Amino acid sequence: MKVGIIGLGLIGGSMAIDLKRKGFADEIIGTENDAVNAAAAEKMGLVDRVADFDECVDSADIVVVAVPVGAAVRMLPRILDRFATNNRRQVVIDVCSTKEQIVRSVHYHPLRPCYVPTHPMAGTEYSGPWAAMPGLFDGRACILCNTEESDPKAVHLVERLYDALNMRVIYMNASNHDVHTAYVSHISHITSFALALTVLDKEKDEKHIFDLASGGFSSTVRLAKSNADMWVPILSQNRDNVLQVIDTYIEKMKDFREAIDNYDEDGIRSLIEKANKIKRIIR
């Protein structure tokens, strides 16, 4: 089994480590536009070899697209076009955080059945091959989207891949996926970015931030360290869903502001206790 991974950052690099370590892949072939990252990934042993785009796609039994979703949307049709010239059974997946636009980009491609849209729900705020780690995906959920449009054999291979990564597979259509990720992932990053901007704007003494920042602040704002190259296209492509979530979030912030402004301690308590119900879902 030869696995080609395009993009050797946190997700692509971590997949490379565990797919080889768990025995799913006999050979990992990597492609990376950034020469420094490519050299680092090869030196660190994330991949068996680094190749150019065409060689990676042509050599692999399964191709993993682990680049920002804006680039992935342009790249996926090119990969399916190369599959058409290779005249052998190959599979391609992406690992992007939005699905509707990328699925739409190849909806009418004659080799659409070779593509299985996926989203492994795992990650950290760090990026690049240095961020890759074993066990990143253990016990996490992976969403497979629109599998009815994919070849059943391709879906089965992808299920085996994520089973090797010790992930729970959930099936969903692309539109619903984008709504749900807006609520459970994208808004978390936006609020973290906004909190970081608020603190940086108002707290001019950086020493005070460093000295006084507790675990609560650090855990809330850590996502603000996430890479802009990844998050700009995500928020752009999921614009409508993200705007709806932001509007709801602003309404809840206004409820807190009004209660605090009016010294309404019962109102503040009520809002907090309603929020505490999240403990039943997330421990």
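Residues numbered from 1 in each chain as written. Predicted model: local features only at pLDDT ≥ 70, side-chain atom pairs only at ≥ 80, totals over all residues. Heavy atoms only, no water.

Q: In this structure, what is going on with the overall build of the protein chain? I would like to understand it.
A: Within the protein chain, the secondary structure is distributed over 12 helices and eight strands. Taken over C-alpha atoms, the radius of gyration comes to 21 Å for the protein chain, in line with the 19 Å a tight globule of 283 residues would show. Buried residues in the protein chain amount to 45% of all 283 residues. Restricting the contact set of the protein chain to residue pairs at least 6 apart, pairs at least 24 apart contribute 74%. Accessible surface, the protein chain: about 15400 Å² in total, of which carbon and sulfur atoms supply 54%. Once the 33 positive and 39 negative side-chain charges of the protein chain are each reduced to a mean point, those two points are 3 Å apart. (Helix = DSSP H or I, 4+ residues; strand = E, 2+ residues; numbered from the N terminus. Rg over C-alpha atoms; globule rule 2.2 N^0.38 Å. Buried < 20%, exposed > 50% of the residue type's maximum accessible area, 1.4 Å probe, protein only. Contact = heavy atoms within 4.5 Å. Areas by Shrake-Rupley, 256 points an atom, 1.4 Å probe, with all protein chains shown as cover. Lys, Arg positive; Asp, Glu negative; His and termini not counted. Charge placed at Lys NZ, Arg CZ, Asp CG, Glu CD.)

Q: Just to check I follow, could you spell out helix α2 (residues 35-43) for this structure?
A: Turning to α2, its buried residues are Asn-37, Ala-38, Ala-40 and Ala-41. Burial along α2 is one-sided: seen end-on, the buried residues are contained in an arc of 165 degrees. Exposed side of α2, more than 90 degrees from the buried face: Ala-35, Val-36 and Lys-43 are the residues found there. Tucked into the core, α2 has its buried residues touching β3 (49-50). Two or three places before Val-36, at the start of α2, stands the capping residue Asp-34, its side-chain oxygen 2.9 Å from that residue's backbone nitrogen. (Arc of directions from axis to C-beta. Polar contact = N/O pair within 3.5 Å; in protein donor to acceptor, adjacent residues only side chain to side chain.)

Q: Is there a simple way to think about a negative patch on the surface in this case?
A: The grouping of Asp-247, Glu-251, Asp-255, Glu-258, Asp-261, Asp-264, Glu-265 and Asp-266 at the surface amounts to a negative patch. Looking at the negative patch, the elements with two or more residues in it are α11 (239-261) and α12 (265-276). Within the secondary structure layout, Asp-261 lies in helix α11. (Patch = residues over 30% accessible without salt bridge, like charges linked within 9 Å, V, L, I, M, F, W, Y side chains within 5 Å. Salt bridge = Lys/Arg side-chain N within 4 Å of Asp/Glu carboxyl O.)

Q: Which parts of the structure should I look at to understand the nonpolar core?
A: Side chains that are nonpolar tend, in soluble globular proteins, to be buried together. If you look at the biggest cluster of nonpolar residues, it comprises 37 residues, and the most contacted ones within it are Val-3, Met-15, Leu-19, Ile-93 and Tyr-162. Those elements giving two or more residues to this core turn out to be β1 (2-6), α1 (10-21), β4 (62-65), β5 (91-94), β7 (141-145) and α6 (152-164). Ranked by the residues each element gives to this core, the list is headed by α6, at seven residues. Excluding its chain neighbours within four sequence positions, the residues that come into contact with Ile-93 are Met-15, Ile-62, Val-63, Val-64, Val-65, Tyr-115, Val-116, Thr-118, Val-158 and Tyr-162. Formed by 28 residues, the second largest nonpolar core is a distinct cluster that contains Met-75, Ile-79, Phe-83 and Ile-234. (Core = buried A, V, L, I, M, F, W, Y, C linked by side-chain atoms within 4.5 Å.)

Q: Explain the sheet that holds strand β6 (residues 115-120) here, please?
A: Hydrogen bonds along the backbone pair up the strands of a sheet, which may run parallel or antiparallel. Reading across from one edge, β3-β2-β1-β4-β5-β6-β7-β8 is the order of the eight strands in this open sheet, with mixed pairing throughout. Of all strands in the sheet, those bounded by a partner on one side alone are β3 and β8 (168-172). Where β6 meets β7, three bridges bridge the pair, whose relative direction is antiparallel. Bridge pairing in β7 places His-119 opposite Ile-143. Together, β6, β7 and β8 form the strand contacts of helix α7 (residues 174-202), whose direction differs from that of β8 by roughly 115 degrees. (Pairing = 2+ DSSP bridges. Axes fitted to C-alpha atoms, helices over the stretch in contact; angles between N-to-C directions.)

Q: Please clarify how the packing of aromatic side chains should be interpreted in this entry.
A: The relative placement of two aromatic rings is captured by the distance of their centres and the angle of their planes. Counted under the stated rule, the structure contains zero aromatic pairs. The ring of Phe-53 has Arg-78 lying over it, and the distance from NZ or CZ to the ring centre is 4.1 Å. (Phe/Tyr/Trp six-rings, centres within 6.5 Å; stacked < 30°, edge-to-face > 60°. Lys NZ or Arg CZ within 6 Å of the ring centre and 35° of its normal.)

Q: How should a nonpolar patch on the surface be read in this particular structure?
A: Judged by side-chain polarity, Val-36, Met-44 and Trp-130 come together as a nonpolar surface patch covering roughly 340 Å² of accessible area. One can find Met-44 in the loop between α2 and β3.

Q: What am I meant to see in the pattern of salt bridges here?
A: Counted under the stated rule, the structure contains 15 salt bridges. In this structure, Asp-18 and Arg-21 form a salt bridge, with 2.7 Å as the shortest nitrogen-oxygen distance. Separated by three residues within a single helix, Asp-18 and Arg-21 lie in helix α1, roughly one turn from each other. Within this structure, Lys-2, Glu-27, Arg-49 and Glu-55 form a network of salt bridges that share partners.

Q: Where do I start with unusual backbone geometry in this structure?
A: One can expect most non-glycine residues to show negative phi and most peptide bonds to be in trans. Look at Asn-87: it is not a glycine, yet its phi comes out positive at around 60 degrees. You can see Asn-87 is positioned in the loop between α4 (69-86) and β5. Of note in the backbone geometry, Tyr-263 takes a positive phi value of approximately 50 degrees without being a glycine. When you line up the elements, Tyr-263 lands in the loop between α11 and α12. Judged by its relative accessible area of 76%, Tyr-263 is exposed.

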